[in-house]
Amino acid sequence: MALHWTSVLSIGVPELDAEHEEMFTRMDRLHDAILSGERAEVSRMIEYLREHAVRHLAAEETLMLAIGYPDRERHLREHEAFLATVRELTRRHDANGPTAVLVHDVERAVASWIDGHVGIHDVALGAFAREHLRRRQGGERRPA
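Residues numbered from 1 in each chain as written. Predicted model: local features only at pLDDT ≥ 70, side-chain atom pairs only at ≥ 80, totals over all residues. Heavy atoms only, no water.

- The protein chain carries the name Hemerythrin-like, metal-binding protein in an unreviewed UniProt entry, which gives Anaeromyxobacter dehalogenans as its organism.
- UniProt annotates the protein chain under Sequence similarities (unreviewed entry) with the comment "Belongs to the hemerythrin family." (UniProt positions renumbered as here; feature names shortened; annotations may be inferred.)

### A short note on the nonpolar core
Part 1 of the argument: Residues Met 23, Met 27, Met 45, Leu 49, Phe 82, Val 106 and Val 110 are the most contacted members of the largest nonpolar core, which totals 26 residues.
Part 2 of the argument: Where this core is concerned, the elements lending two or more residues are helix H1 (14–35), helix H2 (40–67), helix H3 (72–96) and helix H4 (100–138).
Part 3 of the argument: A per-element tally of this core places H4 first, with ten residues.
Part 4 of the argument: Those residues in contact with Phe 82 that lie beyond four places of it in its chain are Leu 49, Ala 53, Leu 57, Ala 109 and Trp 113.
Part 5 of the argument: Counting residues in hydrophobic clusters, the runner-up holds nine residues, among them Leu 63, Met 64, Ile 67 and Leu 76. (Core = buried A, V, L, I, M, F, W, Y, C linked by side-chain atoms within 4.5 Å. Buried < 20%, exposed > 50% of the residue type's maximum accessible area, 1.4 Å probe, protein only. Helix = DSSP H or I, 4+ residues; strand = E, 2+ residues; numbered from the N terminus. Contact = heavy atoms within 4.5 Å.)

### Description of the UniProt feature "domain: Hemerythrin-like" (unreviewed entry) in the protein chain
Part 1 of the argument: Mapped onto the present numbering, the UniProt feature "domain: Hemerythrin-like" (unreviewed entry) falls at residues 13–101.
Part 2 of the argument: Its end C-alpha atoms 35 Å apart, residues 13–101 is made of 87% helix and 0% strand.

### Describing the environment of Phe 24
Part 1 of the argument: With respect to the helices and strands, Phe 24 occurs in helix H1.
Part 2 of the argument: Each C-alpha atom, one on Phe 24 and one on Ala 111, is 8.9 Å from the other, the two residues being 87 residues apart in sequence.

### Here we look at the packing of H2 against H4
Part 1 of the argument: Close contact between H2 and H4 brings their axes to 12 Å; oriented N to C, the two are set at 20 degrees. Viewed along their axes, H2 and H4 adopt a mutual orientation that is roughly parallel. Crossing handedness for the pair H2 and H4: left-handed. Where H2 approaches H4, its residues Val 42, Met 45, Ile 46, Leu 49, Leu 57, Glu 60, Leu 63, Met 64, Ala 66 and Ile 67 are matched on the opposing element by Leu 102, Val 103, Val 106, Val 110, Trp 113, His 117, Asp 122, Leu 125, Phe 128, Ala 129 and His 132.
Part 2 of the argument: A breakdown of the residues in the contact of H2 with H4 according to their chemical character gives 17 nonpolar, two polar and two charged. (Axes fitted to C-alpha atoms, helices over the stretch in contact; angles between N-to-C directions. Parallel < 35°, antiparallel > 145°, perpendicular 65-115°, else oblique. Left-handed = near helix turned anticlockwise from the far one by under 90°. Nonpolar A, V, L, I, M, F, W, Y, C, P; charged D, E, K, R; others polar.)

### Some thoughts on the side chain of His 93
Part 1 of the argument: Among the secondary structure elements, His 93 is positioned in helix H3.
Part 2 of the argument: A relative accessible area of 16% means that His 93 is categorised as buried.
Part 3 of the argument: Excluding residues within four positions of it along the chain, His 93 makes contact with Ser 43, Ile 46, Pro 98 and Leu 102.

### Concerning the environment of Ala 18
Part 1 of the argument: Position of Ala 18 among the secondary structure elements: in helix H1.
Part 2 of the argument: On the accessibility criterion, Ala 18 (42% relative accessible area) is partly exposed.
Part 3 of the argument: In the structure, Ala 18 is positioned twelve residues away from Leu 30 in sequence and 18 Å away in space, judged by C-alpha atoms.

### Section: the pattern of salt bridges
Part 1 of the argument: Tallied over the entire structure, the rule returns twelve salt bridges.
Part 2 of the argument: A salt bridge links Glu 41 to Arg 44; its shortest N-O distance comes to 2.9 Å. Of this pair, Glu 41 and Arg 44 both sit in helix H2, separated by three residues, roughly a single helical turn.
Part 3 of the argument: Across the pair Asp 105 and Arg 92 runs a salt bridge, and its minimum N-O distance is 2.7 Å. With Asp 105 in helix H4 and Arg 92 in helix H3, this pair connects stretches of sequence that are 13 residues apart.
Part 4 of the argument: The class for Asp 105 is buried, based on a relative accessible area of 13%.
Part 5 of the argument: Overlapping salt bridges, with partners in common, bring together Glu 47, Arg 50 and Asp 94 in one network. (Salt bridge = Lys/Arg side-chain N within 4 Å of Asp/Glu carboxyl O.)

Here it is as C-alpha coordinates:
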(Lines give C-alpha, C1' and ligand atoms only; values in the text may rest on other atoms or scores of the structure.)
Protein backbone atom coordinates (compact mmCIF):
# COMPACT_ATOMS: atom_id res chain seq x y z
CA MET A 1 0.00 0.00 0.00
CA ALA A 2 2.74 2.43 -0.90
CA LEU A 3 1.35 5.95 -0.81
CA HIS A 4 3.33 8.76 -2.34
CA TRP A 5 3.07 12.49 -1.91
CA THR A 6 2.58 14.48 -5.09
CA SER A 7 2.08 18.18 -5.69
CA VAL A 8 -1.54 17.44 -6.67
CA LEU A 9 -2.18 16.97 -2.93
CA SER A 10 -0.71 20.34 -2.01
CA ILE A 11 -3.07 22.77 -0.33
CA GLY A 12 -0.71 25.69 -0.86
CA VAL A 13 0.22 26.30 2.78
CA PRO A 14 3.87 25.23 3.11
CA GLU A 15 3.68 24.20 6.78
CA LEU A 16 0.54 22.11 6.29
CA ASP A 17 1.87 20.59 3.08
CA ALA A 18 5.11 19.62 4.83
CA GLU A 19 3.13 17.92 7.60
CA HIS A 20 0.98 16.05 5.06
CA GLU A 21 4.12 14.95 3.24
CA GLU A 22 5.61 13.77 6.55
CA MET A 23 2.52 11.66 7.16
CA PHE A 24 3.01 10.02 3.76
CA THR A 25 6.66 9.32 4.59
CA ARG A 26 5.73 7.78 7.92
CA MET A 27 3.00 5.71 6.28
CA ASP A 28 5.51 4.32 3.80
CA ARG A 29 7.87 3.53 6.68
CA LEU A 30 5.05 1.77 8.53
CA HIS A 31 4.13 -0.22 5.44
CA ASP A 32 7.73 -1.33 4.90
CA ALA A 33 8.03 -2.30 8.57
CA ILE A 34 4.86 -4.36 8.41
CA LEU A 35 6.14 -6.22 5.37
CA SER A 36 9.33 -7.06 7.23
CA GLY A 37 7.46 -8.11 10.37
CA GLU A 38 8.64 -5.12 12.44
CA ARG A 39 5.74 -4.19 14.70
CA ALA A 40 7.60 -1.52 16.67
CA GLU A 41 7.04 0.98 13.87
CA VAL A 42 3.34 1.03 14.73
CA SER A 43 4.27 2.37 18.18
CA ARG A 44 6.21 5.18 16.54
CA MET A 45 3.29 5.94 14.21
CA ILE A 46 0.84 6.12 17.11
CA GLU A 47 3.18 8.43 19.01
CA TYR A 48 3.50 10.62 15.92
CA LEU A 49 -0.27 10.77 15.51
CA ARG A 50 -0.78 11.63 19.17
CA GLU A 51 1.82 14.39 19.08
CA HIS A 52 1.12 15.91 15.69
CA ALA A 53 -2.51 15.27 14.77
CA VAL A 54 -4.00 17.72 17.24
CA ARG A 55 -1.58 20.51 16.34
CA HIS A 56 -1.90 19.94 12.60
CA LEU A 57 -5.68 19.76 12.61
CA ALA A 58 -5.85 22.91 14.75
CA ALA A 59 -3.72 24.71 12.14
CA GLU A 60 -6.11 23.60 9.40
CA GLU A 61 -9.04 24.80 11.51
CA THR A 62 -7.38 28.20 11.96
CA LEU A 63 -6.90 28.44 8.20
CA MET A 64 -10.55 27.57 7.56
CA LEU A 65 -11.70 30.31 9.94
CA ALA A 66 -9.34 32.87 8.44
CA ILE A 67 -10.57 32.33 4.88
CA GLY A 68 -14.23 31.71 5.66
CA TYR A 69 -14.19 28.17 4.31
CA PRO A 70 -17.82 27.27 3.54
CA ASP A 71 -17.41 23.51 4.22
CA ARG A 72 -15.74 24.09 7.58
CA GLU A 73 -18.31 22.27 9.75
CA ARG A 74 -18.09 19.03 7.78
CA HIS A 75 -14.32 19.28 7.69
CA LEU A 76 -14.24 19.75 11.48
CA ARG A 77 -16.46 16.69 11.97
CA GLU A 78 -13.97 14.64 9.97
CA HIS A 79 -11.15 15.95 12.14
CA GLU A 80 -13.05 14.96 15.28
CA ALA A 81 -13.69 11.48 13.90
CA PHE A 82 -10.00 11.03 13.09
CA LEU A 83 -8.94 12.23 16.53
CA ALA A 84 -11.40 9.75 18.08
CA THR A 85 -9.80 7.01 15.97
CA VAL A 86 -6.32 8.05 17.12
CA ARG A 87 -7.48 8.02 20.75
CA GLU A 88 -8.95 4.53 20.34
CA LEU A 89 -5.83 3.17 18.61
CA THR A 90 -3.72 4.72 21.37
CA ARG A 91 -5.88 3.13 24.05
CA ARG A 92 -5.59 -0.27 22.42
CA HIS A 93 -1.84 0.12 21.98
CA ASP A 94 -1.37 1.17 25.59
CA ALA A 95 -3.44 -1.79 26.79
CA ASN A 96 -1.99 -4.56 24.60
CA GLY A 97 1.02 -3.27 22.68
CA PRO A 98 1.47 -3.56 18.91
CA THR A 99 -0.67 -6.64 18.28
CA ALA A 100 -1.07 -7.90 14.72
CA VAL A 101 -4.67 -6.68 14.64
CA LEU A 102 -3.64 -3.24 15.90
CA VAL A 103 -0.88 -3.00 13.30
CA HIS A 104 -3.43 -3.75 10.59
CA ASP A 105 -5.95 -1.27 12.02
CA VAL A 106 -3.39 1.54 12.29
CA GLU A 107 -2.28 1.04 8.70
CA ARG A 108 -5.87 0.94 7.50
CA ALA A 109 -6.92 4.02 9.51
CA VAL A 110 -3.99 6.16 8.37
CA ALA A 111 -4.25 5.03 4.73
CA SER A 112 -7.98 5.77 4.77
CA TRP A 113 -7.34 9.20 6.28
CA ILE A 114 -4.69 10.03 3.70
CA ASP A 115 -6.76 8.77 0.80
CA GLY A 116 -10.12 10.10 1.86
CA HIS A 117 -9.45 13.22 3.86
CA VAL A 118 -6.14 14.58 2.63
CA GLY A 119 -6.69 13.46 -0.96
CA ILE A 120 -10.21 14.87 -1.21
CA HIS A 121 -11.18 17.30 1.54
CA ASP A 122 -7.81 18.94 2.16
CA VAL A 123 -7.27 19.31 -1.58
CA ALA A 124 -10.67 21.08 -1.78
CA LEU A 125 -9.66 23.30 1.14
CA GLY A 126 -6.43 24.13 -0.68
CA ALA A 127 -8.28 25.08 -3.86
CA PHE A 128 -10.56 27.38 -1.87
CA ALA A 129 -7.59 28.89 0.01
CA ARG A 130 -5.72 29.61 -3.24
CA GLU A 131 -8.81 31.23 -4.76
CA HIS A 132 -9.30 33.28 -1.60
CA LEU A 133 -5.68 34.48 -1.77
CA ARG A 134 -5.97 35.24 -5.48
CA ARG A 135 -9.06 37.37 -4.84
CA ARG A 136 -7.37 39.23 -1.99
CA GLN A 137 -4.24 39.93 -4.03
CA GLY A 138 -6.06 40.92 -7.22
CA GLY A 139 -9.09 42.45 -5.65
CA GLU A 140 -12.61 41.28 -6.33
CA ARG A 141 -13.57 41.87 -9.93
CA ARG A 142 -17.28 42.26 -10.29
CA PRO A 143 -19.15 42.44 -13.57
CA ALA A 144 -20.32 45.92 -14.56
